[in-house]
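So the chains spell out like this:
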Amino acid sequence: MDKTLAWLWLADAVGSGCQYAQELLELYPDPVELYDLLRTGSEAPPACLTPHALARLRDTTPFDYEERLDHCLLSGIDVLTPDEGVYPDRLRDLPDLPLALYVTGDIACLNGRRYAGMVGTRRPSTYGRQAAFDLSLAMARAGVVLVSGLADSEAHRAAVQADVPTVAFLGTAIDKTYPASNAKLRTAIEKGGGAVCSEYPPGYSGRTTGTFLARNRLIAAQSEALCVAEARTRSGTLNTVGHAERLGRPVLAVPGSIYSALSEGTNELLRTHRAEPLCKAADALDILGIGAETAAPAQQRFDPTTVSADAQAVYAVLKPTPQSIDALCAAARLPAGRVLAACTELELMGGAQAQPGRRYIAV
């Protein structure tokens, strides 16, 4: 039996975020042994298994997962399990570690690097977006692998611009990009040596309530320090902070305006000393033990000749002040679909930056 099949069988039965995953792993480091025990009934099953999980294990077999494993192999999806050396070391200490982790991109970036999480509200202000991008870009140029959730896209965009791997954790099936508008960004992450990870298999159609909150613990665990750009007082971002604190990860927060609801959470983290101020990249780099002298050389200025003809046409009409898609369509004399694609390309290559309301400025 392929041991990976046994891992898929066990992971599906206990579900994501299983609180007793580490305990189960210590009892049965090889899930095939658990399968044999349940099949023969030679001894009592582990007491930590819930009735639901036990029933699922008895109703299925590892061989039921052959089609899924074949699909992953044919689709370029890696399945990482705790008994493999390529499994992310920083996730191993989690009591609720994933027993199967699905990955697209380059799994090599999941170990052996320096990692910083960058999280924030999904609808950031211009200030929050700019702070997240600039801080992430400086850290990426110093060789740090930025960890985030894909929806918080500024860190990933900065890493792509710096040509440094970045790691995104999904709260959806591995073959689903959320939000869908970040499909091109995901492709750039994967082609740039980064990785996109999920506990949820391709075609996952199970319970979706709480999957993003469960995902947050993986962002915190993979990070050596967690940086918060913007957060409300009640938000998924602060859920990630809670996981970081539970795991002993340092937390840093960008100070914000006292008049902005989007900065209430970060300012409260600073006021209560749950976080250190993050005013420049060096604040995080110092915690990681990375000095300015180790930073990579600054990236060269954006070269319009490196992008497509549509992107060149849009770049030529971009301004320092934000312009809507309609305005860019009129100025570049291109239809909306091609302008949107060009703007995305320019973002990834460092020639444009998105602003609230789907408006863009030149960089």
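One can find the structure itself at the top, above this paragraph.
1. Overview of the layout of surface pockets
At step 1: The computed volume of the largest pocket comes to approximately 840 Å³.
At step 2: Among the elements of the structure, β3 (115–119), α6 (126–141), α7 (154–162), α8 (183–191), α15 (336–349) and β11 (352–355) are those that each provide at least two residues to the lining of the largest pocket.
At step 3: For the lining of the largest pocket, the per-class residue count stands at 15 nonpolar, 10 polar and 10 charged.
At step 4: In this structure, the second largest pocket encloses a volume near 470 Å³.
At step 5: Forming the boundary of the second largest pocket are 27 residues, of which Ala11, Asp12, Val14, Gly15 and Ser16 lie nearest the centre.

2. A short note on the packing of helix α1 (residues 3–14) against helix α3 (residues 31–40)
At step 1: Interhelical geometry of α1 versus α3 gives an angle of 70° and a closest axis separation of 8 Å. With respect to α3, the axis of α1 lies roughly perpendicular. Judged by the sense of rotation from one axis to the other, the crossing of α1 with α3 is left-handed. Listed contacts from α3 to Lys3, Ala6, Trp7, Trp9 and Leu10 of α1 are Pro31, Val32, Leu34, Tyr35 and Leu38.
At step 2: Taken together, the residues of the contact of α1 with α3 sort by class into 9 nonpolar, no polar and 1 charged.

3. A short note on the sheet that holds strand β8 (residues 251–253)
At step 1: Within the open sheet, the 9 strands sit side by side as β1-β2-β6-β5-β4-β3-β7-β8-β9. Their pairing is mixed. The outermost strands of the open sheet, each flanked by one partner alone, are β1 (78–80) and β9 (276–277).
At step 2: Bridge analysis of β1 against strand β2 (residues 101–105) gives 3 bridges, and the strand direction is antiparallel. Residue pairing in the sheet places Val79 in a bridge with Tyr102 of β2.
At step 3: Here helix α10 (residues 236–246) sits on the sheet and contacts β3, β7 (225–228) and β8; the angle it forms with β7, its principal contact strand, is near 160°.

4. Observations concerning the pairing of β11
At step 1: The alternating pattern of β11 places Ala352 and Ala354 on one face and Gln353 and Gln355 on the opposite face, and all of these are buried.
At step 2: Hairpin geometry of β11 and strand β12 (residues 359–362) is characterised by an intervening segment of 3 residues between the two adjacent antiparallel strands and by a positive phi of about 80° at Gly357.

5. Considerations on helix α12 (residues 281–288)
At step 1: All of the buried residues along α12 are Ala281, Asp283, Ala284, Leu285 and Leu288.
At step 2: Looking at the buried positions of α12, the neighbouring elements they touch are β3, α6, β7, β8 and β9.
At step 3: One or two positions beyond α12, positive phi appears at Gly289, with a value near 75°.

6. What to know about the pairing of strand β4 (residues 145–148)
At step 1: On β4, burial covers both faces: Val145 and Val147 on one face and Leu146 and Ser148 on the other are all buried.
At step 2: As paired strands, β3 and β4 are joined by 3 bridges and run parallel to one another. Paired with Ala116 across the bridge in β4 is Leu146.
At step 3: Crossover handedness for the path β3 to α6 to β4: right-handed.
At step 4: Alignment of β4 against strand β5 (residues 166–169), held across 3 bridges, turns out to be parallel. In the sheet register, Val147 faces β5, and the bridge partner there is Val167.
At step 5: Considered for its hand, the β-α-β crossover made up of β4, α7 and β5 is right-handed.

Parameters at a glance
Residues numbered from 1 in each chain as written. Predicted model: local features only at pLDDT ≥ 70, side-chain atom pairs only at ≥ 80, totals over all residues. Heavy atoms only, no water. 1 Å grid on protein atoms, 1.4 Å probe; cavity = no way out; pocket = protein on both sides within 12 Å on 5 of 7 lines; lining within 4 Å. Points joined across faces, edges and corners; volume = space filled by probe spheres on them. Helix = DSSP H or I, 4+ residues; strand = E, 2+ residues; numbered from the N terminus. Nonpolar A, V, L, I, M, F, W, Y, C, P; charged D, E, K, R; others polar. Axes fitted to C-alpha atoms, helices over the stretch in contact; angles between N-to-C directions. Parallel < 35°, antiparallel > 145°, perpendicular 65-115°, else oblique. Left-handed = near helix turned anticlockwise from the far one by under 90°. Contact = heavy atoms within 4.5 Å. Pairing = 2+ DSSP bridges. Buried < 20%, exposed > 50% of the residue type's maximum accessible area, 1.4 Å probe, protein only. Right-handed = clockwise from strand over helix to strand, strands pointing away.

The analysis is restricted to geometry; functional conclusions fall outside its scope.
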